[in-house]
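Each chain, written out:
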Amino acid sequence: MKMHLINEKVTAIMKEIDFSGNVLVKRNNELLQHYSNGFSNRTHHTLNNEQTRFGIASGCKIFTAVAICQLVEKEQLTFESKLSDVLDMPFPHFDEGITIHHLLTHTAGIPDYFDEEVMKDFADLWVNQPMYLMRNGHNFLPLFQHEPMKLAVGERFHYNNAGYILLGLIVEQVSGKGFDEYVTEHVFKRAGMEQSGYFELDALPSNTALGYIDEEDGSWKSNIYSVPVKGGADGGAFVTVDDMHHFWQALMKFELLNPEMTQQLLTPYIHTDDDYDRFYGYGVWIDKRDDIISKYHVMGYDPGVSFHSAFYPENGVTSVVCSNKSEGAFDVFKELEKL
């Protein structure tokens, strides 16, 4: 375990769950916690290091939301733009009232290609649909394009990956650039996220962690046949913990969006959980305490990936936990939060 600053309780949790990944906590630019543990490549016993890239699954939906907000800021879209007006593709059973706002807040009511209310194992998707063919948003369309609506538009919050696939396709159609090209240029580079990207599993750059799935019998396998070969608008980017801190700093300093548009992104639009004072903005979860926003956070889970990151506006603290295992990030994240 490589340590700069470390807390004994966090260490105990990491040992208990055999945590593999990186952790970073900063208050503005003051380093509070920073350490690495586990292997980025188990076969070759390559250790994770401070600049290792990790997949973050759905944690990158906020990048898609920022891209959409940038296009709205440029007046190339509005949040009330209809799906049918900004995407030249047939969706024969979709409600014509679906807007950009509905897609961003998971309230469009459309069917999902991976419905978390019905399905449990993301890897099951690729039994009949080869994951190595899934390299852009268009490849996902056959999985939901001709399905009926699940809910009425605006009926309720229904976490929906397909909605963010559509947002990525809208970014492409409006900007004239590939989705990953647009985000790399207008989000990653502007935020100083020099190591981040949408990398293909069969062409990973150096110092990128492979994801691992641990079996109950103690065996393990990598996740290369359990997730799409390339991530996109709904998830699958790779970041370093430092780059994720750069993202939060750039967002909160209005370097990605102007103050008004940043507020639009960070507005708690819809209550998501009956048991918590938790809301959803545009690509970001928002927690309240005593009617005051206490946390903006993103998270992501795939086979071989677990990720949590948050910004706490009351004290300017950023927390990032990246793991190349299916579980573990949440346990470490919650222990850090207690500090």
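Because the structure is a prediction, the values reported are computed rather than measured.

Peer 1: Mind showing me how you'd approach the environment of histidine 106 here?
Peer 2: With respect to the secondary-structure elements, histidine 106 resides in the loop between helix H4 (100-104) and helix H5 (161-175). When its relative accessible area of 2% is taken as the criterion, histidine 106 is described as buried. With residues up to four places along the chain from it excluded, the contact list for histidine 106 reads Lys61, Arg156, Phe157, His158, Tyr159, Asn160, Tyr164 and Tyr280. For histidine 106, the side chain forms a polar contact with the side chain of tyrosine 280, separated by 3.2 Å.

Peer 1: I tried to follow the nonpolar core on my own but got confused; where do I start?
Peer 2: Across soluble globular proteins, you tend to see nonpolar side chains buried next to one another. Counting residues in each nonpolar core, the largest one holds 81 residues, and the members touching the most others are Phe63, Leu166 and Phe247. Sorting elements by how many residues they give to this core places helix H2 (residues 61-73) first, with nine residues. Apart from residues no more than four positions distant in its own chain, phenylalanine 247 is found in contact with Ile62, Phe63, Val66, Val187, Ala191, Met193 and Leu256. The next biggest cluster of nonpolar side chains, apart from the first, holds 15 residues, and it includes Val10, Ile13, Val317 and Val321.

Peer 1: Got a minute to help me understand helix H6 (residues 179-191) in this structure?
Peer 2: For H6, which comprises 13 residues, the first-to-last C-alpha distance of 17 Å matches the rise-based estimate of 18 Å (1.5 Å per residue) to within 8%. Its axis deflected by about 30° at glutamate 185, H6 carries its strongest bend there. Those residues of H6 that fall on the buried side of the exposure criterion are Phe179, Tyr182, Val183, His186, Val187, Phe188 and Ala191. Note on H6: the residue one or two positions beyond its end, glycine 192, has a positive phi of about 75°.

Peer 1: So what exactly am I meant to see when it comes to the packing of aromatic side chains here?
Peer 2: Two aromatic rings, taken as a pair, are described by how far apart their centres are and by the angle between their planes. For the structure shown, the criterion picks out 16 aromatic pairs. Taken together, a centroid distance of 5.0 Å and an interplanar angle of 15° make the contact between phenylalanine 91 and phenylalanine 94 stacked. Here phenylalanine 94 falls in the buried class, since its relative accessible area comes to 8%. Ring plane angle 70° and centroid distance 5.6 Å describe the contact between phenylalanine 179 and tyrosine 198, whose orientation is recorded as edge-to-face. In this pair, phenylalanine 179 sits in helix H6 while tyrosine 198 sits in the loop between H6 and strand E7 (212-214), placing the two residues 19 residues apart along the sequence. Judged by relative accessible area, which is 6%, phenylalanine 179 ranks as buried. Over the ring of tyrosine 164 we find lysine 61; its NZ or CZ atom is 5.8 Å from the centre of that ring.

Peer 1: Got a minute to help me understand unusual backbone geometry in this structure?
Peer 2: Apart from glycine, the bulk of residues carry a negative phi angle, and the bulk of peptide bonds sit in the trans form. Of note in the backbone geometry, aspartate 290 takes a positive phi value of approximately 55° without being a glycine. In this fold, aspartate 290 is placed in the loop between strand E12 (285-289) and strand E13 (292-302). For aspartate 290, a relative accessible area of 71% translates into the label exposed.

Peer 1: Would you mind going over the pairing of strand E15 (residues 317-323) with me for this structure?
Peer 2: Each regular strand shows side chains that alternate between the opposite faces of the sheet. With seven of seven residues buried, E15 is to be regarded as a mostly interior element. Neither face of E15 is open: one carries Val317, Ser319, Val321 and Ser323, the other Thr318, Val320 and Cys322, and all of them are buried. In this sheet, E15 lies alongside strand E2 (residues 21-27) in antiparallel orientation, the contact comprising seven bridges. Considered in E15, the bridge of arginine 27 is made with valine 317. Relative to E15, strand E14 (residues 305-312) is paired through seven bridges, and the arrangement is antiparallel. Each bridged residue has a counterpart across the sheet, and for histidine 308 the counterpart in E15 is valine 321. Connecting E14 to the antiparallel partner E15 that follows it, the hairpin turn spans four residues, and glycine 316 within it adopts a positive phi of roughly 70°.

Peer 1: Mind showing me how you'd approach the environment of aspartate 88 here?
Peer 2: Structurally, aspartate 88 is set in the loop between helix H3 (83-86) and H4. Residue aspartate 88 is classed as exposed on the basis of its relative accessible area, which comes to 64%. Placed 81 residues apart in sequence, aspartate 88 and leucine 169 show a C-alpha to C-alpha distance of 9.7 Å.

Peer 1: What am I meant to see in helix H9 (residues 329-338) here?
Peer 2: Because an α-helix completes one turn every 3.6 residues, residues spaced three or four positions apart along the sequence face the same direction. Among all positions in H9, only Ala329, Val332, Phe333, Glu335 and Leu336 are buried. Angular distribution of buried residues about the axis of H9 spans 165°; they occupy a single face of the element. Buried residues belonging to H9 abut helix H1 (8-17), E2, strand E3 (30-37), E13, E14 and E15.

Peer 1: How should I be thinking about the side chain of serine 294 in this particular structure?
Peer 2: The residue serine 294 is located in strand E13 in this model. Residue contacts for serine 294: discarding those within four places in its chain leaves Asp287, Lys288, Arg289, Tyr312, Pro313 and Glu314.

Peer 1: What is the right way to look at the pattern of salt bridges in this model?
Peer 2: Note on pairing: side chains with opposite charge can pair once their charged atoms come close. Considering all chains together, one arrives at 16 salt bridges under this definition. Glutamate 185 is the salt-bridge partner of lysine 177, the closest N and O atoms lying 2.7 Å from each other. Judged by relative accessible area, glutamate 185 falls into the partly exposed class, the value being 33%. In this structure, lysine 295 and aspartate 287 form a salt bridge, with 3.7 Å as the shortest nitrogen-oxygen distance. For aspartate 287, a relative accessible area of 11% gives the class buried.

Calculation rules
Residues numbered from 1 in each chain as written. Predicted model: local features only at pLDDT ≥ 70, side-chain atom pairs only at ≥ 80, totals over all residues. Heavy atoms only, no water. Helix = DSSP H or I, 4+ residues; strand = E, 2+ residues; numbered from the N terminus. Buried < 20%, exposed > 50% of the residue type's maximum accessible area, 1.4 Å probe, protein only. Contact = heavy atoms within 4.5 Å. Polar contact = N/O pair within 3.5 Å; in protein donor to acceptor, adjacent residues only side chain to side chain. Core = buried A, V, L, I, M, F, W, Y, C linked by side-chain atoms within 4.5 Å. Expected span 1.5 Å × (residues − 1). Bend = angle between axes of the 7 residues up to and from the residue. Phe/Tyr/Trp six-rings, centres within 6.5 Å; stacked < 30°, edge-to-face > 60°. Lys NZ or Arg CZ within 6 Å of the ring centre and 35° of its normal. Pairing = 2+ DSSP bridges. Arc of directions from axis to C-beta. Salt bridge = Lys/Arg side-chain N within 4 Å of Asp/Glu carboxyl O.

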